[in-house]
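Here is how the chains run, residue by residue.
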Amino acid sequence: MTITFITGANKGLGRETARRLIEAGHTVLLGARDRAQGEEAAAALGARHVLIDVTDDASVTAAAADVAAHEGRIDVLINNAGVHGPAGDPSDLTAADAHAVLDVNLIGVIRTTTAFLPLLRSSDDPVIVNVSSGMGSLALTHDPSRPESHAIAPLYTASKAALTMLTTQYAKSLKDIRINAADPGYTATDLNGHSGPQTVTEGTDAIVTLATEGPGAGTGRFLSRHGDIAWS
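Please read all numbers here as calculations on a predicted model, not as lab measurements. (Residues numbered from 1 in each chain as written. Predicted model: local features only at pLDDT ≥ 70, side-chain atom pairs only at ≥ 80, totals over all residues. Heavy atoms only, no water.)

Colleague: What's the story with the overall build of the chain in this structure? I'm lost.
Modeller: The secondary structure content of the chain amounts to nine helices and eight strands. A compact globule built from 232 residues should have a C-alpha radius of gyration of about 17 Å, and the chain, at 16 Å, falls within 12% of that. Per-residue burial for the chain yields a buried fraction of 48% across its 232 residues. Residue pairs at least 24 apart in sequence account for 65% of intrachain contacts in the chain once pairs closer than 6 positions are excluded. About 10,200 Å² of surface is accessible on the chain, with carbon and sulfur atoms providing 55% of the total. Taken as two groups, the 17 positive and 26 negative side-chain charges of the chain have centres that lie 4 Å from each other. (Helix = DSSP H or I, 4+ residues; strand = E, 2+ residues; numbered from the N terminus. Rg over C-alpha atoms; globule rule 2.2 N^0.38 Å. Buried < 20%, exposed > 50% of the residue type's maximum accessible area, 1.4 Å probe, protein only. Contact = heavy atoms within 4.5 Å. Areas by Shrake-Rupley, 256 points an atom, 1.4 Å probe, with all protein chains shown as cover. Lys, Arg positive; Asp, Glu negative; His and termini not counted. Charge placed at Lys NZ, Arg CZ, Asp CG, Glu CD.)

Colleague: Would you explain the nonpolar core in this entry?
Modeller: Looking at soluble globular proteins, one finds that nonpolar side chains tend to be buried together. Membership of the largest hydrophobic core comes to 28 residues, with the highest contact counts inside it found for Phe-5, Val-67, Ile-74 and Phe-116. Taken together, the elements giving at least two residues each to this core come down to β1 (3-6), α3 (57-70), α5 (107-120) and α7 (154-173). Ignoring anything within four residues of it in the chain, the contact list for Phe-116 reads Phe-5, Ile-52, Val-60, Ala-63, Ala-64, Val-67, Ile-74 and Leu-77. In terms of nonpolar packing, the next biggest core, distinct from the first, is built from 23 residues, Ala-32, Ala-42, Val-129 and Ile-207 among them. (Core = buried A, V, L, I, M, F, W, Y, C linked by side-chain atoms within 4.5 Å.)

Colleague: Explain the side chain of Ser-137 here, please?
Modeller: Here Ser-137 lies in the loop between β5 (127-131) and α6 (138-141). A distance of 3.3 Å separates a polar side-chain atom of Ser-137 from the backbone nitrogen of Ala-139. (Polar contact = N/O pair within 3.5 Å; in protein donor to acceptor, adjacent residues only side chain to side chain.)

Colleague: What's the story with the sheet that holds strand β7 (residues 222-224) in this structure? I'm lost.
Modeller: Across a sheet, strands are paired by hydrogen bonds formed along the backbone, either parallel or antiparallel in direction. Spatially, the eight strands line up as an open sheet ordered β3-β2-β1-β4-β5-β6-β7-β8, and their pairing is mixed. The open sheet has two edge strands with one neighbour each: β3 (48-51) and β8 (227-228). Alignment of strand β2 (residues 27-32) against β3, held across four bridges, turns out to be parallel. Bridged to Leu-29 within β3 is Arg-48. (Pairing = 2+ DSSP bridges.)

Colleague: Can you help me understand the environment of Leu-93 in this one?
Modeller: Position of Leu-93 relative to the elements: it lies in the loop between β4 (76-79) and α4 (95-105). By relative accessible area, Leu-93 is classed as partly exposed at 29%. Excluding anything up to four places from it in sequence, Leu-93 contacts Pro-86, Pro-154 and Leu-155.

Colleague: Just checking my understanding: could you explain the environment of Ala-161 for this structure?
Modeller: Along the chain, Ala-161 falls in helix α7. When its relative accessible area of 28% is taken as the criterion, Ala-161 is described as partly exposed. Distance in space between the C-alpha atoms of Ala-161 and Leu-138 is 8.0 Å, their sequence separation being 23 residues.

Colleague: Explain the environment of Pro-147 to me, please; I cannot follow it from the model alone.
Modeller: As for its placement among the helices and strands, Pro-147 is situated in the loop between α6 and α7. Under the relative-accessibility criterion, Pro-147 is labelled partly exposed at 45%. Taking the C-alpha atoms as reference, Pro-147 lies 41 Å from Glu-71; in sequence the two are 76 residues apart.

Colleague: Sorry if this is basic, but what is going on with helix α1 (residues 12-23) here?
Modeller: Because an α-helix packs 3.6 residues into every turn, residues spaced three or four apart end up facing the same way. Taking 1.5 Å per residue as the helical rise, α1 with its 12 residues ought to reach 16 Å, and the 17 Å between its terminal C-alpha atoms agrees with that figure. Buried within α1 we find Leu-13, Gly-14, Glu-16, Thr-17, Ala-18, Arg-20 and Leu-21. Looking at the residues trailing α1, positive phi occurs at Gly-25, about 105°. (Expected span 1.5 Å × (residues − 1).)

Colleague: Could you clarify how one ought to interpret helix α2 (residues 35-45) in this entry?
Modeller: Those residues of α2 not exposed but buried are Gly-38, Ala-41, Ala-42 and Leu-45. Along the axis of α2, the buried positions cluster into a sector of 100°, meaning they face one direction only. Residues of α2 that are exposed and point over 90 degrees away from its buried face: Ala-36, Ala-43 and Ala-44. Taken together, the buried residues of α2 touch α1, β2 and β3. (Arc of directions from axis to C-beta.)

Colleague: Would you take a moment to explain the packing of aromatic side chains for this structure?
Modeller: Ring pairs (aromatic) are described by centroid distance and by the angle formed between their planes. Counting across every chain of the model gives one aromatic pair. Centroid distance Phe-5 to Phe-116: 4.6 Å. Interplanar angle 40°. Geometry classified as tilted. Residue Phe-5 is found in strand β1, and its partner Phe-116 is found in helix α5; the two are separated by 111 residues along the sequence. The exposure class of Phe-5 is buried, given its relative accessible area of 0%. Judged by its relative accessible area of 0%, Phe-116 is buried. (Phe/Tyr/Trp six-rings, centres within 6.5 Å; stacked < 30°, edge-to-face > 60°.)

Below is the structure:
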């Protein structure tokens, strides 16, 4: 039985990923920082809620200890938790604004990955999926035919660009783990006021693909529901 841990999984892409992976036969550990919302989502889906705030060292350490005590390992880690941050004119951005976004979207991934590596290394086929975005792609955000090129979200885009690079560095260094990034695409979620044209099911296609590939599938990739995205 594949054991999968998902951060930020009480709603949106995380919750739909949990639903689809449970349907595919995974045992899902639903990570959420709000206990009530996490427990509600877990009960509805047939998952186990694990309390985790990816911005808090002690919370992440406690979550890993909880999983170690109950399951003893994980096979798939999906770093899904994310925030959008300010949009539009960046003239008034502050260091506090930047810290708030990066602490979830980038540093939170580092905290969680480091804490869960021992649990992943107890798996026969460990996998990490980082939920990034085409909004962090230089190529896509400079292509006027793409919706990514018309959005102004300075901190979100910067954090996702950093996350895709971090993914490649992990993939090059951690040869015993398959590590890839997923671009959900412009999906209707709370993150964008449900303005995206894709459903959450469509938005989770790349995440689910990367979480369910068999041994020997590639590492260091950036995948959308339409296929591989160039690292640019």
